[in-house]
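Now for the letters of each chain:
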Amino acid sequence: MIDSLTRKMMGVVIGLAVEVTVTAPVSGFEFSAERIVKDAGKVVNAHVNARDDRWRFEYAEPQAGAMAAIIRLDRQAVWLILSKLRMFAEVPIGPEHLLLVSEKMDGEVAREFIGTEDLHGFPTELFEVTVRVNDESRRYYQWVTQAQRFPIKTVSNRGDWSLEYRNVVFTKQSGLFFEPPRGYVRANPPSLKGGPSLGQ
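The rules we used
Residues numbered from 1 in each chain as written. Predicted model: local features only at pLDDT ≥ 70, side-chain atom pairs only at ≥ 80, totals over all residues. Heavy atoms only, no water. Salt bridge = Lys/Arg side-chain N within 4 Å of Asp/Glu carboxyl O. Helix = DSSP H or I, 4+ residues; strand = E, 2+ residues; numbered from the N terminus. Buried < 20%, exposed > 50% of the residue type's maximum accessible area, 1.4 Å probe, protein only. Pairing = 2+ DSSP bridges.

J.: Hey, could you run me through the pattern of salt bridges in this one?
T.: Note that side chains of opposite charge can pair when their charged atoms are close. Tallied over the entire structure, the rule returns 15 salt bridges. One salt bridge connects D53 with R54, and the closest N-O pair in it is separated by 2.9 Å. Here E125 ties to R149 by a salt bridge, and the two come within 3.2 Å at their closest N and O atoms. One end of the pair, E125, is in strand β8 (residues 122-133); the other, R149, is in the loop between β9 (136-145) and β10 (151-156), and 24 residues separate them in sequence. For R149, a relative accessible area of 26% corresponds to the partly exposed category.

So this is what it looks like as structure tokens:
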């Protein structure tokens, strides 16, 4: 049974997440990093642990009441960790939950090599990438690590959106990162997949 506080919090934003079906792992990367997303003036900082088809965001500040989100492509679900309530809520995967660690961008139609640059301790290649979405062309600058082909930083040429990874360490990640904390209670039954929507 969801208590009244949890029900009130979830009711405000229930159904706002756009469901995304992802059928394959986004990459073969296994790593930890600090992830900074800037979108239209909003900044969301999170520590990320990632392994193939699953990853975890630990937020610097609560997002819709959640201090963490565990994304599981194998289950097509997100578990929002409500630390203050010692609960977790299951919601569908939305665009804000995607990790975006593929060198090739969705809708990419052109890529121009600009040069090389050391960034956050990695030798990188800088590209200008043109993406076409809904008949609209958008351009981005993307820094890709030379060894791993990992997009460590991506910035729109308009400056209104960016995604950056800092303190990246490519190392094996424990499976415990991708399970709800022991002793936490599910806030909604498996069949009810409405819940808080997190900012990217």
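J.: Help me understand the pairing of strand β1 (residues 30-39) in this model?
T.: Every other side chain in a regular strand lies on the same face of the sheet, so the side chains alternate between the two faces. The sheet contact formed by β1 and strand β2 (residues 42-51) spans 10 bridges and is antiparallel. Within β2, the residue paired with I36 across the bridge is N45. Hairpin connection of β1 to β2: 2 residues between the antiparallel strands, including A40 at a positive phi of 50 degrees. Sheet analysis places β1 next to strand β11 (residues 161-170), joined by 8 bridges and oriented antiparallel. When the sheet's bridge partners are listed, I36 is paired in β11 with E164.

J.: Help me understand unusual backbone geometry in this model?
T.: Trans peptide bonds make up most of the peptide bonds, and negative phi angles are found at most residues other than glycine. Backbone geometry at R149 places phi at a positive 60 degrees, although glycine is not the residue there. One non-glycine residue, N167, lies in the positive phi region at around 55 degrees. Here N167 lies in strand β11. Overall, N167 belongs to the exposed group, its relative accessible area being 59%.

J.: Looking at this model, I keep getting lost on the environment of V91. Mind explaining?
T.: Relative to the assigned elements, V91 resides in strand β6 (residues 87-91). A relative accessible area of 1% means that V91 is categorised as buried. Spatially, the C-alpha atoms of V91 and N188 are 9.2 Å apart, while their sequence positions differ by 97 residues.

J.: Could you clarify how one ought to interpret the pairing of β2 in this entry?
T.: Pairing geometry for β2 and strand β3 (residues 54-63), over 6 bridges, is antiparallel. Bridge pairing in β3 links A46 to Y59. The loop that links β2 with its antiparallel partner β3 comprises 2 residues; one of these, D52, has a positive phi angle of about 50 degrees.

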